[in-house]
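Coordinate inspection notes
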Amino acid sequence: QVQLVESGGGLVQAGGSLRLSCAASGRFFGIYSMGWSRQAPGKQQRESVATIASDGTTNYADSVKGRFTISRDNAKNTVYLQLNSLKPEDTAVYFCNVEVRYRLAGPRLNSWGQGTQVTVSS
């Protein structure tokens, strides 16, 4: 099973920046798509914020385009999310997720991290 360890959350003032990291470890054949989602206070659903494919193709939610940047280091099995120009509405628990294959020709399965809190004060 893959283990995901997130770090980098915290409290920041509006306009500030944070960098989130999510490192994957464990026994698996390969990691494919990686991404970040968030769950705002009082909301039941998670919102996909950004994804990055194994070829480096990225996608962003409209609400974060131009402010957030997702990247990955395949050698370290780590995905990053740079959060700039933060707004109070960005306050949420941020979760990383990875698409993992445990054996050659096996199915791609999603795994989620435990979440890291980002709080933006006005």
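Criteria and cut-off values
- Going along each chain's sequence as written, the residues are numbered from 1 onward.
- In keeping with the predicted nature of the model, local features appear solely for residues at pLDDT of at least 70, side-chain atom pairs appear and are counted solely at 80 or more, and the whole-chain, interface and lining totals rest on all residues.
- Each side-chain value is worked out from all heavy atoms of the structure, with water and hydrogens disregarded.
- Throughout this description, buried means an accessible area under 20% of the type-specific maximum (1.4 Å probe, protein chains only), exposed means over 50%, and partly exposed covers the range between.
- Only runs of H or I of at least four residues qualify as helices and only runs of E of at least two qualify as strands under DSSP, and these elements are numbered from the N terminus.
- Two strands are said to pair when DSSP picks up at least two bridges between them.

**What about the pairing of strand β9 (residues 92-101)?**
- In terms of burial, β9 is a largely internal element, eight of the ten residues being buried.
- Pairing analysis gives three bridges linking β9 to strand β11 (residues 116-121), with the strands arranged antiparallel. By the bridge assignment for β11, A92 is matched with V118.
- Pairing of β9 with strand β10 (residues 108-112) involves five bridges; the strand directions are antiparallel. Pairing of V98 across the sheet is with S111, part of β10.
- Hairpin connection from β9 to β10: six residues lie between these consecutive antiparallel strands, with A105 at a positive phi of about 70°.

**With respect to unusual backbone geometry**
- Here S85, not a glycine, exhibits a phi torsion of approximately 50°, which is positive.
- Mapped onto the elements of the fold, S85 is located in the loop between β8 (78-83) and β9.
- One non-glycine residue, A105, lies in the positive phi region at around 70°.
- Inspection of the secondary structure assignment puts A105 in the loop between β9 and β10.
- On the basis of relative accessible area, A105 is assigned to the exposed category, the value being 70%.

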